[in-house]
Amino acid sequence: MSELPLRVALGRYGHTRDLLDGRILVDGCRLEPVEFESMIPAYRRMVRSVEFDVCELAPTTYLIARALGAPYVALPVFLSRRFHHEGLVVREDAGIKRPTDLHGKRVGVRAYSVTSAVWTRGVLSDEYGVDADQINWIVDDDEHVESLVLPRNVSRPGTKLLDLFRSGELAAAFTRGAGIGNPSVTVGGSVRYHELLADADQLAADWYRRTAVYPIHGVVVVREELLAKHDWLADSLVRAFSAAKDRYLADTSASLPEDLRYRRLAEVVGDPLPYGLEENRASICALIAYSKQQGLIPTDSSTDLLFPQLATTGS
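Every value quoted in this text rests on a predicted model; they were computed, and no experiment measured them.

Asker: Where do I start with the overall build of the protein in this structure?
Answerer: For the protein, the helix and strand inventory stands at twelve helices and eleven strands. Relative to the 2.2 N^0.38 estimate, which gives 20 Å for 315 residues, the radius of gyration of the protein is 20 Å and therefore close to what a compact globule would have. Seen through its C-alpha atoms, the protein measures out along the principal axes to roughly 65 × 45 × 35 Å. Every one of the 315 residues in the protein was classed for burial, and the buried ones make up 55%. Within the protein, contacts between residues at least 6 apart in sequence are counted, and of these 78% link residues at least 24 apart. Placing the 36 positive and 43 negative side-chain charges of the protein at their respective mean positions leaves the two points 3 Å apart.

Asker: What's the story with the packing of helix α4 (residues 115–128) against helix α7 (residues 200–211) in this structure? I'm lost.
Answerer: Helices that pack against each other are described as a pair by the angle of their axes relative to one another and the distance between those axes. Orientation of α4 relative to α7, taken along the N-to-C sense of each, is 75 degrees, at an axis distance of 13 Å. Compared by their axis directions, α4 and α7 come out roughly perpendicular. On α7, the residues that touch Trp 119, Val 123, Glu 127 and Tyr 128 of α4 are Leu 203, Trp 207 and Arg 210. The residue inventory of the contact of α4 with α7, partitioned by class, reads five nonpolar, no polar and two charged.

Asker: Could you clarify how one ought to interpret the nonpolar core in this entry?
Answerer: Generally speaking, nonpolar side chains in soluble globular proteins are found buried as a group. Formed by 98 residues in total, the largest nonpolar core has its most connected members in Tyr 62, Leu 102 and Phe 307. For Leu 102, the contacting residues outside a window of four places in its chain are Leu 88, Val 90, Ile 96, Val 107, Leu 124, Gln 134, Ile 135, Ala 172 and Leu 196. Ile 138, Leu 162, Ile 180 and Val 191 belong to the second largest nonpolar core, which has eleven residues in total.

Asker: Looking at this model, I keep getting lost on the sheet that holds strand β1 (residues 4–9). Mind explaining?
Answerer: Taken in spatial order, the five strands make up an open sheet running β2-β1-β3-β11-β4, and their pairing is mixed. The open sheet has two free edges, formed respectively by β2 (29–33) and β4 (72–81), since each of these has just one partner strand. Ignoring which end each strand starts from, the neighbouring axes of this sheet average 25 degrees apart. Running over the sheet, helix α11 (residues 277–293) touches β4 and β11 (216–223) and is turned about 95 degrees from β4.

Asker: Honestly, the pairing of strand β5 (residues 88–91) in this entry has me stumped. Any pointers?
Answerer: Regular strands have side chains that alternate between both faces of the sheet. Both faces of β5 are covered, namely the face carrying Leu 88 and Val 90 and the face carrying Val 89 and Arg 91. For β5 and strand β9 (residues 172–174), the ladder comprises three bridges, and the chain directions are antiparallel. Paired with Val 89 across the strands is Ala 173, a residue of β9. Two strands pair when backbone bridges link them, and β5 and strand β10 (residues 193–195) are joined in this way by three bridges, in the antiparallel orientation.

Asker: Explanation requested: α7 in the structure shown.
Answerer: Residues lying three or four places apart along an α-helix face the same way, a consequence of the helix completing one turn every 3.6 residues. Over its twelve residues, α7 runs 16 Å from end to end, which matches the ideal 16 Å to within 8%, given 1.5 Å per residue. Among all positions of α7, only Ala 200, Ala 204, Ala 205, Trp 207 and Tyr 208 are buried. Projection of α7 onto a plane perpendicular to its axis shows the buried side chains occupying an angular sector of 160 degrees, all on one side. Exposed residues lying more than 90 degrees from the buried face of α7 are Gln 202 and Arg 209. Each element contacted by the buried residues of α7 is listed here: α4, α10 (257–269) and α11. Looking one or two residues beyond α7, the residue adopting positive phi is Ala 212, at roughly 65 degrees.

Asker: Would you mind showing me how to read unusual backbone geometry here?
Answerer: Peptide bonds are trans in most cases, and residues, glycine excluded, mostly fall at negative phi. Backbone geometry at Val 50 places phi at a positive 50 degrees, although glycine is not the residue there. Here Val 50 is to be found in the loop between α2 (40–49) and β3 (54–57).

Asker: Can you walk me through the packing of aromatic side chains in this structure?
Answerer: What characterises a pair of aromatic rings is the spacing of the ring centres plus the angle enclosed by the ring planes. A full pass over the atoms with the stated rule returns ten aromatic pairs. Their ring planes at 35 degrees and their centres at 5.3 Å tell us that Phe 83 and Tyr 214 sit as a pair that is tilted. With Phe 83 in the loop between β4 and β5 and Tyr 214 in the loop between α7 and β11, the pair connects residues that are 131 residues apart, well separated along the chain. Accessibility assignment for this pair places Phe 83 and Tyr 214 in one class, buried.

Asker: Would you mind showing me how to read the packing of α4 against α11 here?
Answerer: Axis separation between α4 and α11 bottoms out at 9 Å; the angle between their running directions is 85 degrees. On the basis of the axis angle, α4 is roughly perpendicular to α11. Where α4 approaches α11, its residues Val 118, Trp 119, Gly 122, Val 123, Ser 125 and Asp 126 are matched on the opposing element by Ser 283, Ala 286, Leu 287, Tyr 290, Ser 291 and Gln 293. Residue classes in the contact of α4 with α11 are distributed as six nonpolar, five polar and one charged.

Asker: Just to check I follow, could you spell out the side chain of Arg 91 for this structure?
Answerer: Its location among the elements puts Arg 91 in strand β5. Only 2.7 Å separates the side chain of Arg 91 from the backbone oxygen of Phe 165, close enough to count as a polar contact. Among the polar contacts listed, one links the side chain of Arg 91 to the backbone oxygen of Arg 166, at a separation of 3.0 Å. Aside from chain neighbours lying at most four places away, what touches Arg 91 is Phe 165, Arg 166, Ser 167, Gly 168, Leu 170, Ala 171, Val 191, Arg 192 and Tyr 193.

So, how was this worked out
Residues numbered from 1 in each chain as written. Predicted model: local features only at pLDDT ≥ 70, side-chain atom pairs only at ≥ 80, totals over all residues. Heavy atoms only, no water. Helix = DSSP H or I, 4+ residues; strand = E, 2+ residues; numbered from the N terminus. Rg over C-alpha atoms; globule rule 2.2 N^0.38 Å. Buried < 20%, exposed > 50% of the residue type's maximum accessible area, 1.4 Å probe, protein only. Contact = heavy atoms within 4.5 Å. Lys, Arg positive; Asp, Glu negative; His and termini not counted. Charge placed at Lys NZ, Arg CZ, Asp CG, Glu CD. Axes fitted to C-alpha atoms, helices over the stretch in contact; angles between N-to-C directions. Parallel < 35°, antiparallel > 145°, perpendicular 65-115°, else oblique. Nonpolar A, V, L, I, M, F, W, Y, C, P; charged D, E, K, R; others polar. Core = buried A, V, L, I, M, F, W, Y, C linked by side-chain atoms within 4.5 Å. Pairing = 2+ DSSP bridges. Expected span 1.5 Å × (residues − 1). Arc of directions from axis to C-beta. Phe/Tyr/Trp six-rings, centres within 6.5 Å; stacked < 30°, edge-to-face > 60°. Polar contact = N/O pair within 3.5 Å; in protein donor to acceptor, adjacent residues only side chain to side chain.

Shape descriptors only; they carry no functional weight alone.
Next comes the structure, spelled out in structure tokens:
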């Protein structure tokens, strides 16, 4: 059997490096990696023109695109994980003492469908009674899926979120790539702010123990026609991703900040990068529910359509 060439766009992580560099092979395939400094351009090229055979996507972007008929489907492989009880900062002069004080306020997020924000809004709704419809969401970037119709309480004034937060025109804003970056660097000493939720790590660990939800990021999608034509392909890909991950987790010498972060997460969740449908069912269902609740996908979207029962190992 000749090898199937696959044009792939994946983030270079400790657990994908051996796959991208050819030290771990995908049975029956020859990978042709296309590298990006940031995965955002790759997401948009996949969503808007289906340029790759295999591509990492933000999970919410995938759900939206798939609900609209995108010709690719997800493998139960998630390349990044983190909790979202932190990452939303509030100005100390905004009068926000509890999460529901966000109601009626202007809150900045890079784009409404950013997966980090979808997770945080879901947590705030489930745990603290926050209604996203009562918040004015301010964005300063395009949505990956251009045809997405946003709720009426989302606006783009044409000013950078960081400038709006510094000036006090935003009461709160998401940090990192979901908003204003690292506020200890970007905001400056003249603005006093704090995380909306204190003791975020403890809150997240308790939430995980109660719900089994471990937020997913970086879902791997494959062109549907390839999966239909090659019924062995999904299994080959998942086995290769799993082998690369297992090798990474076995390397206890890795000491980059991301490596240390996953070791800390392992103390709470066990496997910090679980693959497979059953291992991630609670997390997948939670993100689908949050996406429906927040008006990103139709309420009648089928879980089977979004995450078909692909042939995988360990599920």
